Each structure stands twice: as C-alpha cells, then as structure tokens.
Amino acid sequence: MPRDDAGDAPPERTAHNRWEVARPLGLASLDGVRMAGFRDRTGGRLDMRVLPQPAVIVVIGLGADPITVESASGHQPLRGLVASLSPRPARIRGEGVECVEVALSPGTAYAMLGVSPRELDGSITGLEDLWGRHARLLREQLAETASWQERLALTDGFLRRRAAGAPPMAAEVAAAWDAIVAGRGRVRVGDLAASCGWSRKRLWARFSAQVGLTPKRAAMLVRFDHAARALLAGERAGDVAVACGYADQPHLHRDVQALAGCTPGALAGLTASTEP
C-alpha cells in the first residue's frame, strides 16, 4: 500500500484485503482508549451484526453516506454512533464505509460520554445526541483530513479535552470491573462486594450507575466476549462452553442468543470480512 503525502505508515490489510486499518503511531495512549481508522477498500456494501463487547464503542463516520443501524426500534441513519456495553441485537449497514472507531473502557466512558452509561440503556445512540455540535465539528475536521495519522491525532486531542476535569469512576467500582475482567466473568457478586467493603445492594446500585450494567450482567458480557472470540476462531461450541465456564452447552446457547441475537452456530459462521 503506498504511503500518502502526510507520511502515514501503510495501513494494515485485513479480511482478504477488504479493510484498510490504521492505528496510531507515536501517540501516548489515553488510559482505557483504543482507536483505529477503517476504510472499506472495495467500496462495497457492509452488513454487520453488532456484537456486544466489554467496551463502549464510538464510531465516527467519514463516508459520503450515513451508516444505518437496524434494530427492533427501526432504522436509524447516523453519521456517528455510540454502542453501549451491551447493545440489543442490531445490524449496521452502509456503503463504502470509512470511519474512526474508538473503544472506551467503562471507566473512561463514564468520564467522556457526558452522561451516565446507564442512560444509554443497552442502545445504539447517535453521537450528536450525546456530544452535540462538538461531534459534528470533529467529524467535519476528520473528513477534511486525508492522513489517517492526522485524523487519529485529532481524535486523540478531542478525547483528551473531554477527559480533562471529568469525574472519575469510584475506585471500588473500578476495582470490581477489573476483577470481573481478570476472572473472565467467572466471579460472584458477593465476593466483589466483600472485596470492596460494600453491601451487595450498594455495589449493585453504584456499579449500575457508573458502568451501565449490573455486576451480574457485566460478568455475563465478559464471559460472552471470550466465548464469541473462541467461536469466531472456529472452536466447537461444546469446548467453548467448558473453557469459558458455562454450566453446559444450552447455557452458552442462551447467553449467545440473548446478547448476539443468534445461535452459537450462526455466530461461528460469521466471517471477518464483515467486521472492521
């Protein structure tokens, strides 16, 4: 891939060269932030199932056409979007998709979104609904900038300004989230509460307000994330159920159906060509 005039490193090629992927070079990463630029080299049609992740996903669209989110609530054409930690089953469709994608840890999302994650209520929300004209101006700046590294630097600067002076997540909530991630979702809420010196009720309330999920739901999401990655890698559902701590294969089936809106077999059949 040729370099551009601004001196970008050649973008990575993924999924049989469909996607250009640009990652920040020389930027000191903000805690809890991962970002990358994506462009569909084919200019073709994207039809992608939204899979829940243990991160809040912000997508800033740069293409000529909006990205359409299709869910039980209807069709939403959006120039930018925020997918909550555990969005309801949905699909994203678009033509010639080009975007900057930012993944925010729950603690960082709590500081940067400007609203309690609980207000997202398992939804996919228009970015301008949260960040208003600031989101629109950022998208316009990014669209007018040809270099991926300049785009990522602009995004990084925007996020740093939002993070300055933002309220931190409670240390106890952050520790509970870290314990859930470290245990790959195989934790007991009672143990989490005891470790931070809170009652189960207090942990439940504070965690839900600042993360947007109950501790039990968060553990379910983290466990699902490991299972989904294994299924997409081609591992058998029965083996995945055992490795990820599900009671049995039907338990895995129920969780995948609830979070992804499909069966483990259908999830395993997804190809990386539809996932930037």
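Residues numbered from 1 in each chain as written. Predicted model: local features only at pLDDT ≥ 70, side-chain atom pairs only at ≥ 80, totals over all residues. Heavy atoms only, no water.

Chemist: Mind laying out the overall build of the protein chain, listing which residues take part and the relevant values?
Modeler: Along the protein chain, the regular secondary structure elements total 10 helices and 11 strands. Against the compact-globule benchmark of 19 Å for 276 residues, the protein chain has a radius of gyration of 19 Å, which places it among compact chains. Expressed as lengths along the three principal axes of its C-alpha atoms, the size of the protein chain is roughly 55 × 45 × 35 Å. Put simply, of all contacts in the protein chain between residues at least 6 apart along the chain, 69% involve residues at least 24 apart. Put simply, the protein chain shows about 13,100 Å² of open surface, and 50% of that area lies on carbon and sulfur atoms. In the protein chain, 34 positive and 30 negative side-chain charges are present, and the distance between their average locations comes to 6 Å. (Helix = DSSP H or I, 4+ residues; strand = E, 2+ residues; numbered from the N terminus. Rg over C-alpha atoms; globule rule 2.2 N^0.38 Å. Contact = heavy atoms within 4.5 Å. Areas by Shrake-Rupley, 256 points an atom, 1.4 Å probe, with all protein chains shown as cover. Lys, Arg positive; Asp, Glu negative; His and termini not counted. Charge placed at Lys NZ, Arg CZ, Asp CG, Glu CD.)

Chemist: Go over the confidence of the model for the protein chain, please, and point to the residues and values.
Modeler: Fine structural detail should not be taken from predicted coordinates in areas where pLDDT scores are low. Scored by pLDDT, the protein chain comes out at a mean of 87, with 92% of its residues at no less than 70. Note that pLDDT drops below 50 for residues 1-10; the model gives that stretch 17 contacts with residues more than four away or on any other chain. Confidence drops under pLDDT 50 across residues 271-276; counting only partners more than four residues distant or on other chains, this segment forms 16 contacts. (pLDDT = per-residue confidence, 0-100.)

Chemist: Kindly report on the pairing of strand 9 (residues 90-95), identifying the contributing residues and their values.
Modeler: Bridge count for strand 4 (residues 45-49) against strand 9 is five bridges, and the pairing is antiparallel. Bridge pairing in strand 9 links Asp47 to Arg93. Here four bridges tie strand 6 (residues 67-71) to strand 9, and the two strands are oriented antiparallel to one another. In the sheet register, Glu70 faces strand 9, and the bridge partner there is Arg91. (Pairing = 2+ DSSP bridges.)

Chemist: Just give me the short version of the packing of helix 4 (residues 171-182) against helix 7 (residues 215-232), but keep the residues and values in it.
Modeler: Two elements in contact, helix 4 and helix 7, have axes separated by 9 Å at closest approach and are oriented at 35 degrees. As for the relative orientation of helix 4 and helix 7, their crossing is right-handed in sense. In this structure, helix 4 uses Trp177, Ile180 and Val181 to contact helix 7, whose residues at the interface are Pro215, Ala218, Ala219 and Val222. (Axes fitted to C-alpha atoms, helices over the stretch in contact; angles between N-to-C directions. Left-handed = near helix turned anticlockwise from the far one by under 90°.)

Chemist: Break down the environment of Ala163 for me, citing the residues and quoting the values.
Modeler: Here Ala163 lies in helix 3 (residues 148-163). On the accessibility criterion, Ala163 (29% relative accessible area) is partly exposed. Between the C-alpha atoms of Ala163 and His134, which are 29 residues apart in sequence, the distance is 14 Å. (Buried < 20%, exposed > 50% of the residue type's maximum accessible area, 1.4 Å probe, protein only.)

Chemist: Tell me about helix 4, residues and numbers included.
Modeler: Between its terminal C-alpha atoms helix 4 stretches 16 Å, which fits the 16 Å expected from 12 residues at 1.5 Å a residue. Looking only at helix 4, the buried set comprises Val173, Ala176, Trp177 and Ile180. Buried residues of helix 4 fall within an arc of 100 degrees about the axis and therefore sit on the same side. Opposite its buried face, helix 4 presents the exposed residues Ala171 and Ala182, each directed more than 90 degrees away. Against the buried residues of helix 4 lie helix 1 (106-112), helix 5 (189-196), helix 6 (200-211) and helix 7. (Expected span 1.5 Å × (residues − 1). Arc of directions from axis to C-beta.)

Chemist: So what's going on with the packing of aromatic side chains? Residues and values would help.
Modeler: Inspection of the entire model under this criterion finds one aromatic pair. Between the aromatic rings of Trp131 and Phe158, the centroid separation amounts to 5.1 Å while the plane-to-plane angle is 55 degrees, which identifies the pairing as tilted. Of this pair, Trp131 sits in helix 2 (residues 127-143) while Phe158 sits in helix 3, placing them 27 residues apart in sequence. The burial state of Trp131 is the same as that of Phe158; both residues are buried. Just above the ring of Tyr246 sits the side chain of Arg223; from NZ or CZ to the centre is 4.8 Å. (Phe/Tyr/Trp six-rings, centres within 6.5 Å; stacked < 30°, edge-to-face > 60°. Lys NZ or Arg CZ within 6 Å of the ring centre and 35° of its normal.)

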